Amino acid sequence: MTDAMLELTGLTAGYHGGTVLHGLDLAVSAGAVHAVVGHNGAGKTTLVHTVAGLMRPASGTVRLGGRDVTGLPAHRIARAGIGLVPQGRRVFAGLTVAEHLRLSHRPPRSGDRTRPSVWTPARVLDLLPRLGERRGHRGTHLSGGEQQMLALARALLASPSVLLLDEPTEGLAPTLVQQVYELVGTLAGEGIAVLLVSPSPAQAVRCADRLTVLTSGRAVLRLDGDEARADATALNAALELAPTAA
Ligand SMILES: Nc1ncnc2c1ncn2[C@@H]1O[C@H](COP(=O)(O)OP(=O)(O)OP(=O)(O)O)[C@@H](O)[C@H]1O
């Protein structure tokens, strides 16, 4: 037992009887950013989907604040406090920003004191003012950066204790990439435990307190963020040695 907000123990998962994640152990503390870095096909999305309840693990456990949530359906995991910002944003093409915000707002149950921070649409718009400017625009009429902000807003409106970010800077211009990493730091500063997956070690080191290199579904290297920022040799070497997807 640790004081981790999110704790994965021996997590094993895959598809159609094949194994993709092989007994992964990983912990994220409240207020910390843990980045999992790996090439395409390393199992990053499988990891995120298993934690979010979109896939059932074959074995292993997922604990949220010490509570075993392994195998719960996705809506119950979300309700328990694990928020997902999916790869590709997945905003609704036909809904406006305002409609997304209204439909996503899920205040914690009264008496639930486990959430580090409670988010309302007004508070989310203070953090992400661009969404306020675009409140009447539909999902399809938003830029990639705006869609990413909206996907983040949607997850925040459930006031999560843990945020799962699946390649949140994919396809974004460098200035937006910087903005996303600053936001990640701000959210961790609010006490949220952030698990971020990325193919880019150069990006992940910017905001990570801890890094794990995932190769073929196994953790092959673990580093402190400061260690990786001071000298990225080990991180880059682990990824260079890793097989890339064909
Ligand atoms: N729905 C699925 N059915 C069968 N195999 C799958 C499915 N989704 C992913 N896989 C396989 O599982 C492995 C890991 O995929 P995953 O998407 O988790 O990797 P990733 O690290 O997130 O890669 P990417 O950066 O490309 O998203 C890959 O070999 C992939 O082909």
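Labelled according to an unreviewed UniProt entry, the protein appears under the name ABC transporter ATP-binding protein, originating from Streptomyces gougerotii.

### Considering the pattern of salt bridges
Using the criterion set out here, one finds eight salt bridges in the structure. Across the salt bridge formed by glutamate 190 and arginine 123, the nearest N and O atoms sit 2.9 Å from each other. Here glutamate 190 is found in the loop between α7 (174-189) and β8 (193-198), whereas its partner arginine 123 is found in helix α4 (residues 121-127), with 67 residues between them in sequence. For glutamate 190, a relative accessible area of 29% corresponds to the partly exposed category.

### As for the layout of surface pockets
By volume, the largest pocket amounts to about 630 Å³. Secondary-structure elements contributing two or more residues to the lining of the largest pocket are α2 (74-80), β6 (82-85), α3 (97-104) and α6 (144-156). By residue number, the principal contributor to the lining of the largest pocket is α2, which donates five residues. Split into classes, the residues belonging to the lining of the largest pocket amount to 14 nonpolar, three polar and five charged. As for the second largest pocket, its lining consists of Met5, Leu64, Arg67, Arg76, Arg79, Ala80, Pro108, Arg109, Asp112, Thr114, Arg115 and Ser161. When residues in the lining of the second largest pocket are grouped by element, the largest group, three residues, is from α2. Residues of the lining of the second largest pocket, tallied by class, amount to four nonpolar, two polar and six charged.

### A few points about the site of the ligand
Taken together, 13 residues sit near the ligand, with Gly41, Lys44, Thr45, Thr46 and Glu167 positioned nearest. Measuring from an oxygen atom of the ligand, one finds a side-chain N or O atom of glutamine 87 at 3.4 Å. The contact in question runs from an oxygen atom of the ligand to an N or O atom on the side chain of glutamate 167, over 2.8 Å. In the complex, the protein chains occlude 59% of the 640 Å² of accessible area that the ligand would expose alone. For the shell around the ligand, the leading source of residues is helix α1 (residues 44-51), giving three residues.

The rules behind the values
Starting afresh in each chain, residues are numbered from 1 along the sequence in its written order. Predicted model: local features are reported for residues with pLDDT of at least 70 only, side-chain atom pairs are reported and counted for 80 or more only, and whole-chain, interface and lining totals are derived from all residues. Computation of side-chain values covers all heavy atoms of the structure but excludes hydrogens and water. The working definition used for a salt bridge is a side-chain nitrogen of Lys or Arg within 4 Å of a carboxyl oxygen of Asp or Glu. Each helix is a run of H or I in the DSSP string that is no shorter than four residues. Each strand is a run of E no shorter than two, and both are numbered from the N terminus. Classification of residues uses two cut-offs on accessible area relative to the type maximum, computed with a 1.4 Å probe and protein chains only: under 20% is buried, over 50% is exposed, and between them is partly exposed. Put simply, the grid is 1 Å and covers the protein atoms alone, a cavity is a trapped set of points that fit a 1.4 Å probe, a pocket is an open set with protein on both sides within 12 Å along at least five of seven lines, and lining residues have an atom within 4 Å of a point. Grid points are joined across faces, edges and corners, and a volume is the space filled by probe spheres set on the points. When residue character is reported, Ala, Val, Leu, Ile, Met, Phe, Trp, Tyr, Cys and Pro are called nonpolar, Asp, Glu, Lys and Arg charged, and the others, Gly included, polar. Near, as used in this document, describes a residue that has one of its heavy atoms within 4 Å of the molecule or strand being considered. Under this definition, polar contacts are N or O atom pairs within 3.5 Å; protein pairs additionally need one hydrogen-donor-capable and one acceptor-capable atom, and for neighbouring residues in sequence, both atoms have to be side-chain atoms. For the area figures, the Shrake-Rupley method with a 1.4 Å probe applies, and any residue is considered shielded solely by the protein chains shown.

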